[in-house]
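Topology and contacts: notes
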Amino acid sequence: MSTATTTMPVSTAATTTPDHPSLQHFTLDDLAVYTAEKAFGPTASADFRVFYVGRDDVHGVLMHLYTRVSLSVKMNMFGYDDDDLNTVLMGLVQNPSVMVQVTLDKSQSDAAGCANDFVIGESATSQISHTKGGVLDGIVAFEGSTNWSSSGEGTGINLTAAKQNPGFKAQNNTLAVYTNTYEIAKFAARLDYEHAVAAAQPQPSFTAAAPAAPPAS
């Protein structure tokens with residue numbers, strides 16, 4: 001892996017605002033607005049829901065979750081190319097009250113936008129780090145085949161149009177979101193393991209960019 005020094009973009013994005021309540025009050029039903037039906041059926045699971053790229057607004061689901069983080073992020077992502085989510089995550093990195101732990105696959109990620117909360121590497125047997133999920137605030141977890149990219153998430157989907165705008169692209173991916181405490185604890189422990197394995201591998205060097213100067217009064 002290259003050891004070239006890379007500048008990290010700094011964001012001042014807010015993590016929790018009055019317009020974006022924290023995950024302390026989150027329920028899975030909050031995500032119904034991102035489905036094609038705008039609702040979940042009467043037999044929907046109390047602690048597990050699945051969203052479908054190209055049918056549901058998966059990008060909206062992820063933004064909903066990440067903009068409400070106030071405590072911690074643990075995640076591993078194979079395929080990291082979403083400017084919106086990166087901006088939110090960089091804001092969390094800059095927030096001293098939020099713990100951010102991110103693992104990225106060596107073959108799919110470069111050093112741009114990374115900080116000392118991030119590691120880049122492979123699996124324990126030198127294979128790709130293919131996990132695509134995370135645990136947020138220890139309250140909600142997500143995982144599935146969805147990577148962070150425009151086509152991976154089906155970004156820009158119109159949930160009410162009979163036909164999508166020209167240029168719209170969506171892979172066949174799923175995103176499961178769950179609040180089951182047992183599964184969250186297991187997944188968090190596994191993310192810690194994958195992070196430790198990658199952290200023990202050679203890492204690129206990072207140089208944080210200076211914060212932008214405040215506008216002149």
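Below, the structure is looked at part by part. (Residues numbered from 1 in each chain as written. Predicted model: local features only at pLDDT ≥ 70, side-chain atom pairs only at ≥ 80, totals over all residues. Heavy atoms only, no water.)

Some thoughts on the pattern of salt bridges
Just so we agree on the cut-off: Any Lys or Arg side-chain nitrogen located within 4 Å of an Asp or Glu carboxyl oxygen qualifies as a salt bridge. Counting from the N terminus, the helices are DSSP H or I runs at least four residues long and the strands are E runs at least two residues long. The cut-offs for exposure are 20% and 50% of the maximum accessible area for each residue type, with area from a 1.4 Å probe on protein chains only; residues under the lower value are buried, those over the upper are exposed, and the others partly exposed.
Per the stated rule, a full pass over the model turns up five salt bridges. In this structure, the salt-bridge partner of glutamate 37 is arginine 55, at a minimum N-O distance of 2.6 Å. Of this pair, glutamate 37 sits in the loop between strand 1 (6-8) and strand 2 (48-52) while arginine 55 is found in the loop between strand 2 and helix 1 (58-66), placing the two residues 18 residues apart along the sequence. With a closest N to O distance of 3.9 Å, aspartate 56 and arginine 55 form a salt bridge. Overall, the relative accessible area of 3% leaves aspartate 56 in the buried class. A relative accessible area of 44% means that arginine 55 is categorised as partly exposed. A cluster of three or more residues bridged by salt bridges with shared partners is formed by Glu37, Arg55 and Asp56.

Some thoughts on the packing of helix 1 against helix 2 (residues 83-93)
Definition in use: Every axis corresponds to a line fitted to the C-alpha atoms, with the helix fit spanning only the stretch in contact, and the corresponding angles, defined between N-to-C directions, vary from 0 to 180 degrees. Any angle between 65 and 115 degrees counts as roughly perpendicular, while under 35 counts as roughly parallel, over 145 as roughly antiparallel, and the rest as oblique. Only heavy atoms matter for contacts: two residues are in contact if any of them lie within 4.5 Å across the pair. Gly falls in the polar group here, along with every residue not listed as nonpolar (Ala, Val, Leu, Ile, Met, Phe, Trp, Tyr, Cys, Pro) or charged (Asp, Glu, Lys, Arg).
At a minimum axis separation of 10 Å, helix 1 and helix 2 run at an interaxial angle of 10°. Considered as vectors, helix 1 and helix 2 are oriented roughly parallel to each other. Contacts from His59, Leu62, Met63 and Tyr66 of helix 1 reach helix 2 at Asp84, Leu85, Val88, Leu89 and Leu92. Class assignment for the residues of the contact of helix 1 with helix 2 results in seven nonpolar, one polar and one charged.

Side note on the packing of aromatic side chains
Where we set the bar: Working definition: rings of Phe, Tyr and Trp (its six-membered ring) pair if their centres are within 6.5 Å, and the pair is stacked with planes under 30 degrees apart, edge-to-face with planes over 60 apart, and tilted otherwise.
Applying the stated rule across the entire model yields six aromatic pairs. For the pair phenylalanine 40 and phenylalanine 51, a centre-to-centre distance of 6.1 Å together with 70° between the ring planes defines the contact as edge-to-face. On the criterion of sequence distance, the pair formed by phenylalanine 40 in the loop between strand 1 and strand 2 and phenylalanine 51 in strand 2 is long-range, its members being 11 residues apart. On the basis of an interplanar angle of 85° and a centroid distance of 6.4 Å, the ring pair of tyrosine 80 and phenylalanine 118 is categorised as edge-to-face. Linking tyrosine 80 in the loop between strand 3 (72-77) and helix 2 with phenylalanine 118 in strand 5 (residues 118-121), this pair joins segments that are 38 residues apart in sequence. Phenylalanine 118 carries the same exposure label as tyrosine 80, and that label is buried. Through pairs of rings, three or more aromatic residues link up here, namely Tyr66, Tyr80, Phe118, Phe142 and Trp148.

Thoughts on helix 2
Of all the 11 residues making up helix 2, eight are buried; the element is thus mostly covered by neighbouring parts of the structure. Taken residue by residue, helix 2 has Leu85, Asn86, Val88, Leu89, Met90, Gly91, Leu92 and Val93 as its buried positions.

A short note on the pairing of strand 4 (residues 99-105)
The line we're drawing: Looking down the strands as they point away from you, a crossover is right-handed if its path from the first strand over the helix to the second goes clockwise. For two strands to be treated as a pair, DSSP must find no fewer than two bridges joining them.
Where burial is concerned, most of strand 4 is hidden: six out of the seven residues are buried. In this region the chain leaves strand 3, passes through helix 2 and returns to the parallel neighbour strand 4; the handedness of that crossover is right-handed. Where strand 4 meets strand 5, four bridges bridge the pair, whose relative direction is parallel. Opposite leucine 104, over in strand 5, you have isoleucine 120 as the bridge partner.

Remember that the coordinates give geometry; whether it matters functionally is a separate question.
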